[in-house]
Amino acid sequence: MNQIVPIDYKITEWFSNLFNGNGWGVVLFGVVCLLITIFCSGALGFEREYRGHSAGLRTHVLVAVGSCLIMYISMFGFGGLNAATRDPARLAAQVVTGVGFLGAGTIIQNGSDIKGLTTATTIWGSMAIGLCAGSGNLIICIFATLIMLFVLVSLRRVERVASRHNPMIIIVCSPNQPILKEILQVANRFSINIKDTESQLINYQNEQYIRVSIRIAPARESTIIEFIDEIKLTSHPLDIKISTEF
């Protein structure tokens with residue numbers, strides 16, 4: 001019975017046999033791995049950069065290139081030091097842990113609102129791309145990148161459609177006003193479930209105001225309209241609007 005040989009293994013073997021197997025083929029293979037890593041991680045980083053996130057093109061490429069180098073050294077850098085008994089997965093495991101802490105630094109929590117989860121995930125994905133390319137699995141590396149880009153770009157529209165069932169109400173009022181308490185009291189009267197809240201100070205006509213954004217659970221249109229009208233009567237906000245249409 002013939003054993004199935006993965007195409008990535010054939011690619012690695014072909015590079016190893018270049019230049020009469022004197023070692024330069026392995027070096028050339030490392031350069032190819034780095035170029036594929038830069039291209040794949042750069043695509044993810046460009047998407048994050050285009051969306052205005054702090055961890056953008058350079059961060060993703062550097063994380064992926066570093067991961068690729070570590071994996072490449074683990075696979076091919078210790079050939080003369082009893083290569084038969086070494087475990088190339090050890091360095092990869094350390095990379096997974098280290099980049100996990102790096103990605104956690106991009107996550108920001110403001111009250112109940114959490115931002116940066118997607119960027120942290122793409123950084124972690126760039127690390128995986130680098131490890132994948134550095135280990136010689138070039139085909140799966142390219143396909144994984146295409147899948148990640150599809151999730152980042154195409155599924156964004158699906159998220160927008162889903163978010164329409166959870167309206168966002170934005171209220172601008174005086175900073176000295178206990179607006180959150182008043183909103184909760186009105187929400188309890190109308191049996192409206194508030195999922196997320198976010199507040200920040202803003203400047204308007206040389207004065208400071210507080211802007212409160214609340215995301216509510218799905219409710220009937222009439223209930224939400226009555227809820228907003230009640231807030232207008234009880235809190236007298238400077239401005240109030242709903243971000244989605246029914």
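The sections below set out a description of the structure shown in this document. All values derive from a computational prediction rather than experimental measurement.

**Describing the pattern of salt bridges**
This model, assessed by the stated rule, comprises 3 salt bridges. In this structure, the salt-bridge partner of Arg48 is Glu47, at a minimum N-O distance of 2.8 Å. For Arg51, the salt bridge is made with Glu47, and the minimal N-O distance between the two is 3.4 Å. On the basis of relative accessibility, which here comes to 35%, the residue Arg51 falls in the partly exposed class. Looking at Glu47, the relative accessible area reads 7%, which means it is buried.

**Overview of the nonpolar core**
Counting residues in hydrophobic clusters, the biggest one holds 18 residues, and the most contacted among them are Ile169, Ile171, Ile183, Ile214, Ile216, Phe227 and Ile231. Elements represented by at least two residues in this core include exactly β3 (168–173), α8 (179–189), β5 (207–216) and α9 (221–235). Among residues more than four places away in sequence, those in contact with Ile214 are Pro167, Met168, Ile169, Ile183, Ile194, Asp196, Thr197 and Phe227. By size, the runner-up hydrophobic cluster in this structure holds 15 residues, among which are Cys68, Tyr72, Ala133 and Leu152.

**What about the packing of helix α2 (residues 24–50) against helix α3 (residues 57–76)?**
Packing of α2 against α3 leaves a shortest axis separation of 8 Å and a crossing angle of 155 degrees. Relative to α3, α2 is oriented roughly antiparallel. Judged by the twist between their axes, the crossing of α2 over α3 is right-handed. Here the contact of α2 with α3 is composed, by residue class, of 16 nonpolar, 6 polar and 2 charged.

**Quick look at unusual backbone geometry**
Although it is not a glycine, Phe19 sits at a positive phi angle of roughly 55 degrees. Take Phe19: it is sitting in the loop between α1 (7–16) and α2. Here the phi dihedral of Ser191 falls at roughly 55 degrees; this positive angle occurs in a residue that is not glycine. Along the polypeptide, Ser191 turns up in the loop between α8 and β4 (194–204).

What counts, and where the lines are drawn
- The residue numbering used here restarts from 1 in each chain and proceeds along that chain's sequence as written.
- Local features are withheld for residues below a pLDDT of 70 in this predicted model, meaning they are given only at 70 or higher, and side-chain atom pairs are given and counted only at 80 or more; totals for whole chains, interfaces and linings count all residues.
- Water and hydrogen atoms were dropped before computing side-chain values, which therefore reflect all heavy atoms in the structure.
- Salt bridge, as applied in this entry: a Lys or Arg side-chain nitrogen positioned within 4 Å of an Asp or Glu carboxyl oxygen.
- Relative accessibility thresholds used throughout: buried, under 20% of the residue-type maximum; exposed, over 50%; partly exposed, between the two (1.4 Å probe, protein chains only).
- Residue types Ala, Val, Leu, Ile, Met, Phe, Trp, Tyr and Cys, when buried and joined through side-chain atoms within 4.5 Å, form a set referred to as a nonpolar core.
- The numbering of helices and of strands both runs from the N terminus, where a helix is a DSSP run of H or I of at least 4 residues and a strand a run of E of at least 2.
- Two residues form a contact once any of their heavy atoms are found within 4.5 Å.
- To obtain each axis, a line is fitted to C-alpha atoms, and for helices this fit is confined to the stretch in contact; angles are then taken between N-to-C directions over 0 to 180 degrees.
- Roughly parallel covers angles under 35 degrees, roughly antiparallel covers those over 145, roughly perpendicular covers 65 to 115, and oblique covers all other angles.
- In this scheme, a crossing is called left-handed if the near helix is turned counterclockwise away from the far one by less than a right angle; it is called right-handed if the turn is clockwise.
- Amino acid classes used here: Ala, Val, Leu, Ile, Met, Phe, Trp, Tyr, Cys and Pro are nonpolar; Asp, Glu, Lys and Arg are charged; the rest, including Gly, are polar.

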